[in-house]
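Now for the letters of each chain:
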Amino acid sequence: MSKYYFRFSLSHRLLHGLLILSFLGLVATGMPLRYNQAPWAVALSHTLGGFRVMGFFHRTFAILLTLCFLLHLALVLYRGWIRKQWKILWGPDSLVPQPTDLIDFYQHIRWFIGFGPKPVFDRFTYWEKFDYWAVFWGMAIIGTSGFVLWFHGFFSRLFPGWLFNVALLIHGEEALLAAGFIFAIHFFNSHLRPGKFPMDLVIFTGRLSEEELCEERPYEYGRLQKEGLLESLQADPPPLWMKNLSRILGGVSVAIGLLLFILILFAVFMGRNAVHV
Amino acid sequence: MRLTNITFGFARWKRTLFWLALSSVCFLSPYILRAQATSKEMCLSCHGVQGLEKVRDGKSVSLYIPEETLSRSAHGALECVACHADISEIPHASELQPPQCSSCHADASRDYAESVHGTAYARGAKDVATCSACHGNHNILPAKNPDSQVYPLNLPRTCGGCHGDPELAKRHSIPVTNAYQLYMDSIHGQALTRSGLLVAAQCLSCHGSHRIFPASDPRSTVHRTHTPDTCGNCHVGVLKTFTSSIHGREAKAGNPAAPVCANCHTAHQIKRVEMDSWKLEIVRECGTCHAESLRTYRDTFHGQVTALGFTRVARCSDCHGSHDILAISDPDSSVAPSRIVGTCRKCHSSANASFVKYDPHADPHKRARNPVLYYTARFMTWLLAGVFGFFGLHTILWAGRSFLERHRENHHHSGSASSQATNAEEGKK
């Protein structure tokens, strides 16, 4: 039986789960407003119980996502500043972009177009870091603009009213960017691409088999061996119930995400000719 | 027998007198008979018999006229020949001239002759409203009689006999092909049919009775120059407000683009303004002229929510007013700088001078209107194009390479398998 190693801790996995739930909820309750000309948007908003119900759930999911964001920040601060784990702020275990990411990216592109061998990666690849920072930036921007719009009475005392025009524009455009990026780019990079299809369960089980670790992240494997940390990360193989639960939760999430993505695409490209009436 | 006795029992002079009288009776008989022939009783001796009919153009036509119909009618006191003036003897001609109502109703006839119905009739149109088509013939009743075809509660059905027939409308190029159906669903139609409201507008209230013209004719009561006054006959208060509004003033000044009542409310399917369908339709209606304003409205939360079909957010009239709408430059306008805070406060109780700097018709394409919004929009466009372009290409290249690798692997495997087989065969040899 092959050995397993932890890649994501329980807190990572729970936060990712909360992120999935709140993000899907926010997109489903927000996009009908943005694409109000699309027939599906009208149908969805009425099915959900009207714009007030939709608004209620949108704000509820917004609170959940804000909670998710703040918990993550608290964890980072705790590990970085209190536990003094500086390695999460710089180095191969950090999500902060490193000089090697540029080289990795260059080599990956060379491999895409057939000018070099397939590169190998450390713990976090450059596209995973982009995923992380895109979501991080997105949550900050969409969240801030969202709260400005939510508490417009309060914010109107601090800022001129046209800020709400800017906030609404940013909120909608960033939301489109976030939804498009997650449902198309992140889904492909992490789950749907050949080799991972239909789904990489590691974000749900948290565990990686020794073969996967060696094959995908040989640098990390070697580094962990050298540092003698490999044993401390050793895990039980994921039980069947965990794998099945992961498949169900992940599968449903990806399916909902892709459906929303198709609906958005439909509204963006089919709705072009629609007259604004 | 008795006659013989009398004749031969008389004295000679008496006999002479008798023959004289008899011959005068015979000589005058046509005149006496005619007087009898033109009496109602005489007419009814044939036409009062149920089942009397004749064949016209291959169809049997009833000629039966119940006596009580005649006696109940407004013309009950008249003799038949008062209208059927071309009957002088019995039996009369098999086809009679149409009665000439004008001989008594001169004013109505003159008006009718001028109207769209009258001119069409004069041109020879067969399926056009005549006096009897609306008022009936032998059963004609005063318009105030609830059984009259032109009694207010019955009039829509009478006019609808023609103006609910799209085929007829097509034949006569009448722009509204189903006025009857539209009217019956309208607030006016429902007030009339459901509540029996005599004050509810029906056909005549707007179009007049005998002097009916197409809406495009300046003489028409529903021509755009007369519409406000026509509606204002009942909606006095609204007319007063509308007249001083920018739409009312422009319409009065002859601006053909200025809306009058029917442009917003439609002519026939006028709805209750509390209905959601009306509240949403009117937004689009404003947008038929104010296209730019509707486009920018749709970019805002207000416009997005109403586009989805919900009405609990601001629509055009919530801010701009409806009949009292004024130009933003007018200090009395609800959206004039001096009044805008109060207008926003109708919904946003915390609105203040800073709050109303929000632009409910912001346009991210217009730099002068709001430079921050303009540059934010440009930045967001480039950001989205950049990210999706970059990672789109990245994903496509990655997918392409992955499939190529997979294909090569499979090919390599099958290739080596077949070469092994060849080697094995060679080994046998």
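All values reported here derive from a predicted model rather than from experimental measurement. (Residues numbered from 1 in each chain as written. Chains lettered and ligands numbered in written order. Predicted model: local features only at pLDDT ≥ 70, side-chain atom pairs only at ≥ 80, totals over all residues. Heavy atoms only, no water.)

### Looking at the overall build of chain A
So the rule is basically this: Helical segments are the DSSP runs of H or I of at least four residues, strand segments are the runs of E of at least two, and each set is numbered from the N terminus. Using a 1.4 Å probe on the protein chains alone, a residue whose accessible area is under 20% of its type maximum counts as buried, one over 50% counts as exposed, and one in between counts as partly exposed. Only heavy atoms matter for contacts: two residues are in contact if any of them lie within 4.5 Å across the pair. For accessible areas, the Shrake-Rupley method is used with a probe of radius 1.4 Å. Any residue's cover is judged against the shown protein chains and nothing else.
The helix and strand inventory of chain A stands at 11 helices and three strands. Projecting the C-alpha coordinates of chain A onto the three principal axes gives extents of approximately 65 × 40 × 40 Å. Every one of the 277 residues in chain A was classed for burial, and the buried ones make up 47%. Long-range contacts, defined as pairs at least 24 residues apart, comprise 72% of the intrachain contacts of chain A with a sequence gap of at least 6. Accessible area for chain A stands at about 14,500 Å²; split by element, carbon and sulfur atoms hold 72% of it.

### Details of the overall build of chain B
Selection criterion: We take the radius of gyration over the C-alpha atoms and set the globule estimate at 2.2 Å times the residue count to the 0.38 power.
Along chain B, the regular secondary structure elements total 23 helices and two strands. Taken against the 2.2 N^0.38 rule, which gives 22 Å for 429 residues, the C-alpha radius of gyration of chain B at 41 Å runs more than 25% over that of a compact globule. With the principal axes as the frame, chain B shows a C-alpha extent of 160 × 95 × 35 Å. For chain B, buried positions account for 30% of its 429 residues.

### A closer look at the confidence of the model for chain B
Residues and elements named next belong to chain B. Basically, it comes down to this: Values of pLDDT, ranging from 0 to 100, describe the predictor's confidence in every residue of the model.
Averaged over chain B, the pLDDT score is 88; the fraction of residues at 70 or greater is 90%. Across residues 1–8 the pLDDT falls below 50, and counting only partners more than four positions away or on other chains, this stretch makes two contacts in the model. Confidence drops under pLDDT 50 across residues 416–429; counting only partners more than four residues distant or on other chains, this segment forms zero contacts.

### So, a negative patch on the surface
Rule in force here: Patches in this entry comprise residues that are over 30% relatively accessible and not in a salt bridge; like charges within 9 Å are linked, as are nonpolar side chains (Val, Leu, Ile, Met, Phe, Trp, Tyr) within 5 Å. What counts as a salt bridge is simple: a side-chain nitrogen of Lys or Arg found within 4 Å of a carboxyl oxygen of Asp or Glu. We score Asp and Glu as negative and Lys and Arg as positive, and we do not count His or the chain ends. To locate a charge, the coordinates of NZ of Lys, CZ of Arg, CG of Asp or CD of Glu are taken.
A cluster of acidic residues, Glu41(B), Glu67(B), Glu68(B) and Glu79(B), forms a negative patch at the surface. Relative to the assigned elements, Glu68(B) resides in helix α4 (residues 67–72).

### What to know about the pairing of strand β2 (residues 59–62) of chain B
This is how the line gets drawn: A pair of strands counts as paired when DSSP detects no fewer than two bridges linking them.
Bridge count for strand β1 (residues 53–56) of chain B against β2(B) is four bridges, and the pairing is antiparallel. When the bridges of β2(B) are listed, Val55(B) appears paired with Ser60(B).

### As for the packing of helix α1 (residues 10–34) of chain A against helix α20 (residues 301–308) of chain B
What counts is decided by this rule: Only the stretch in contact is used when fitting a helix axis, every axis being a line fitted to C-alpha atoms; angles between N-to-C directions are given from 0 to 180 degrees. Roughly parallel means an angle under 35 degrees; roughly antiparallel, over 145; roughly perpendicular, 65 to 115; everything else is oblique.
Two elements in contact, α1(A) and α20(B), have axes separated by 8 Å at closest approach and are oriented at 95°. Classified by the angle their axes make, α1(A) and α20(B) are roughly perpendicular. Within the contact between the two elements, α1(A) uses Pro32(A), Leu33(A) and Arg34(A) and α20(B) uses Phe301(B), Gln304(B), Val305(B) and Leu308(B).

### Side note on the sheet that holds strand β3 (residues 234–235) of chain A
Residues and elements named next belong to chain A. Spatial strand order, β2-β1-β3: three strands in an open sheet with antiparallel pairing. The open sheet has two edge strands with one neighbour each: β2 (207–209) and β3. Examined bridge by bridge, strand β1 (residues 4–6) and β2 share three bridges and lie antiparallel to one another. What sits directly across from tyrosine 5, in β2, is leucine 208.

### Here we look at the packing of aromatic side chains
Any two aromatic rings considered together are summarised by their centre-to-centre distance and by the angle between their planes. Residues and elements named next belong to chain A. Where we set the bar: Centre distance within 6.5 Å is the pairing criterion for rings of Phe, Tyr and Trp, where only the six-membered ring of Trp is used; planes under 30 degrees apart are then read as stacked, over 60 as edge-to-face, and the remainder as tilted.
One pass over the structure, following the stated rule, counts 31 aromatic pairs over all chains. Arranged with centres 5.3 Å apart and planes meeting at 80°, the rings of phenylalanine 105 and tyrosine 126 form a pair that is edge-to-face. In this pair, phenylalanine 105 sits in helix α4 (residues 99–112) while tyrosine 126 sits in helix α5 (residues 126–150), placing the two residues 21 residues apart along the sequence. Overall, the relative accessible area of 10% leaves tyrosine 126 in the buried class. Measuring from centroid to centroid gives 5.4 Å for tyrosine 126 and tryptophan 127, while their planes differ by 90°, and the two rings are edge-to-face. Like tryptophan 127, tyrosine 126 is buried.

### A word on the nonpolar core
So the rule is basically this: For the purposes of this section, nonpolar cores are sets of buried Ala, Val, Leu, Ile, Met, Phe, Trp, Tyr and Cys residues that join through side-chain atoms within 4.5 Å.
Membership of the largest hydrophobic core comes to 49 residues, with the highest contact counts inside it found for Val27(A), Tyr35(A), Phe183(A) and Ile264(A). The element that contributes the greatest number of residues to this core is helix α7 (residues 162–192) of chain A, accounting for nine residues. Residues Ala167(A), Val335(B), Ile340(B) and Phe355(B) belong to the second largest nonpolar core, which totals 10 residues.

### Topic: the interface of chain A and chain B
Where we set the bar: Simply put, the buried area is the total loss of 1.4 Å probe accessible area from both parts when two parts are fitted together. Polar contact is the term for a pair of N or O atoms within 3.5 Å; when the atoms are in protein, one must be able to donate a hydrogen and the other to accept it, and sequence-neighboring residues count only if both atoms are side-chain atoms.
With 52 residues of chain A at the contact, the number on the chain B side is 48 residues. Among the residues chain A hides against chain B, the three largest losses belong to Phe51(A), Phe112(A) and Asn165(A). Together they make up 14% of the total. At the boundary of chain A with chain B, the tally comes to zero salt bridges. Here chain A is connected to chain B by 10 residue pairs in polar contact (both at pLDDT 80 or more). Within the residue set of the side of chain A that touches chain B, elements represented by two or more residues are α1, α2 (39–47), α3 (51–82), α4, α5, α6 (152–158) and α7 of chain A. Top contributing element to the side of chain A that touches chain B by residue count: α7(A), with 16 residues.

### Describing unusual backbone geometry
All names here are of chain B. In this structure, the amide linkage connecting isoleucine 90 to the following residue, proline 91, adopts the cis form with an omega of 0°. Positionally, proline 91 belongs in the loop between α5 (80–83) and α6 (106–114). Backbone geometry at aspartate 57 places phi at a positive 50°, although glycine is not the residue there. For aspartate 57, a relative accessible area of 76% puts it in the exposed group. Here serine 173, not a glycine, exhibits a phi torsion of approximately 45°, which is positive. Positionally, serine 173 belongs in the loop between α10 (166–171) and α11 (179–185). In this structure serine 173 comes out as exposed when scored by relative accessible area, which is 63%.

### Things to note about the confidence of the model for chain A
Here chain A averages 89 in pLDDT, and 97% of its residues register 70 or above. Long-range and interchain partners of residues 273–277 of chain A, a stretch whose pLDDT sits below 50, account for nine contacts in this model, where long-range means more than four residues apart.

### Notes on α20(B)
Along α20(B), seven of the eight residues are buried, which leaves the element largely enclosed by surrounding structure. Turning to α20(B), its buried residues are His302(B), Gly303(B), Gln304(B), Val305(B), Thr306(B), Ala307(B) and Leu308(B).

### Let's talk about the pattern of salt bridges
Counted according to the given criterion, the structure contains 29 salt bridges over all chains. In this structure, Lys87(A) and Asp93(A) form a salt bridge, with 3.7 Å as the shortest nitrogen-oxygen distance. For Lys87(A), a relative accessible area of 41% translates into the label partly exposed. Residue Asp318(B) is joined to Arg315(B) by a salt bridge in which the shortest nitrogen-to-oxygen separation is 3.8 Å. The class of Arg315(B) is buried, set by a relative accessible area of 9%.

### Brief notes about the packing of α5(A) against α7(A)
Residues and elements named next belong to chain A. Put simply, the rule reads: By convention, the crossing between two helices is left-handed when the near helix turns anticlockwise from the far helix through less than a right angle, and right-handed when the turn is clockwise. Each residue is assigned to one class: nonpolar for Ala, Val, Leu, Ile, Met, Phe, Trp, Tyr, Cys and Pro, charged for Asp, Glu, Lys and Arg, and polar for all the others, Gly among them.
For the pair α5 and α7, interaxial distance at closest approach is 9 Å and the crossing angle is 155°. Of the possible angle classes, the one that applies to α5 and α7 is roughly antiparallel. The handedness of the crossing between α5 and α7 is left-handed. In terms of residue class, the contact of α5 with α7 is built from 18 nonpolar, seven polar and two charged.

### Structural notes on a nonpolar patch on the surface
A cluster of nonpolar side chains, Leu77(A), Tyr78(A), Trp81(A), Ile82(A) and Trp86(A), forms an exposed patch at the surface whose accessible area comes to about 580 Å². With respect to the helices and strands, the residue Trp86(A) is situated in the loop between α3 and α4.

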